[in-house]
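Below are the chains, spelled out letter by letter.
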Amino acid sequence: MTPAQRAYLRRLAHSLPVTVMVGKNGLTEGLLTKIEQELNAHELIKVRFLDYKDMKQSFTDTIVAETGANLVAIIGHTAILYRQHADPAQRKIQV
């Protein structure tokens, strides 16, 4: 992903609500399933770290490895993730 593409996705994500929150249970299989569902539905999502803020980088690396998403940015305690939809007809974001 080029820096221009990352900047474009950051601009798009600015107005998006947080769709997934990492809380006291940490990164569970259920949370990874939720992230998969949100990526399939929206392509561009925000994940907020309410707890485990000191582990957000390692959690984000795990999420990226498990889901195949691209990390756009980590801003504060929020990670912005993007994964292009597999079906070209259902793609909402053209990068």
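Since we're looking at a predicted model, the values are computed, not measured.

Visitor: It is not clear to me how the packing of aromatic side chains should be interpreted in this structure. Could you clarify?
Guide: Any pair of aromatic rings gets described here by the distance separating the centres and the angle formed by the planes. A full pass over the atoms with the stated rule returns 1 aromatic pair. Aromatic side chains Tyr-52 and Phe-59 sit 5.5 Å apart centroid to centroid with 50° between the ring planes, which places their arrangement in the tilted category. Judged by its relative accessible area of 33%, Tyr-52 falls in the partly exposed class. Classification of Phe-59 by relative accessible area gives buried; the value is 11%.

Visitor: What is the right way to read the packing of helix 2 (residues 29-42) against helix 3 (residues 56-67) from this model?
Guide: Relative orientation and spacing of two packed helices are given, respectively, by the angle between their axes and the distance between those axes. The contact between helix 2 and helix 3 brings their axes to 11 Å, and the two run at 60°. What the angle tells us is that helix 2 and helix 3 run oblique. Helix 3 is crossed by helix 2, and the crossing has right-handed handedness. Facing helix 2, whose interface residues are Leu-32, Ile-35, Glu-36 and Leu-39, helix 3 presents Ile-63, Glu-66 and Thr-67. Across the contact of helix 2 with helix 3, the residue classes break down as 4 nonpolar, 1 polar and 2 charged.

Basis of the calculations
Residues numbered from 1 in each chain as written. Predicted model: local features only at pLDDT ≥ 70, side-chain atom pairs only at ≥ 80, totals over all residues. Heavy atoms only, no water. Phe/Tyr/Trp six-rings, centres within 6.5 Å; stacked < 30°, edge-to-face > 60°. Buried < 20%, exposed > 50% of the residue type's maximum accessible area, 1.4 Å probe, protein only. Axes fitted to C-alpha atoms, helices over the stretch in contact; angles between N-to-C directions. Helix = DSSP H or I, 4+ residues; strand = E, 2+ residues; numbered from the N terminus. Parallel < 35°, antiparallel > 145°, perpendicular 65-115°, else oblique. Left-handed = near helix turned anticlockwise from the far one by under 90°. Contact = heavy atoms within 4.5 Å. Nonpolar A, V, L, I, M, F, W, Y, C, P; charged D, E, K, R; others polar.

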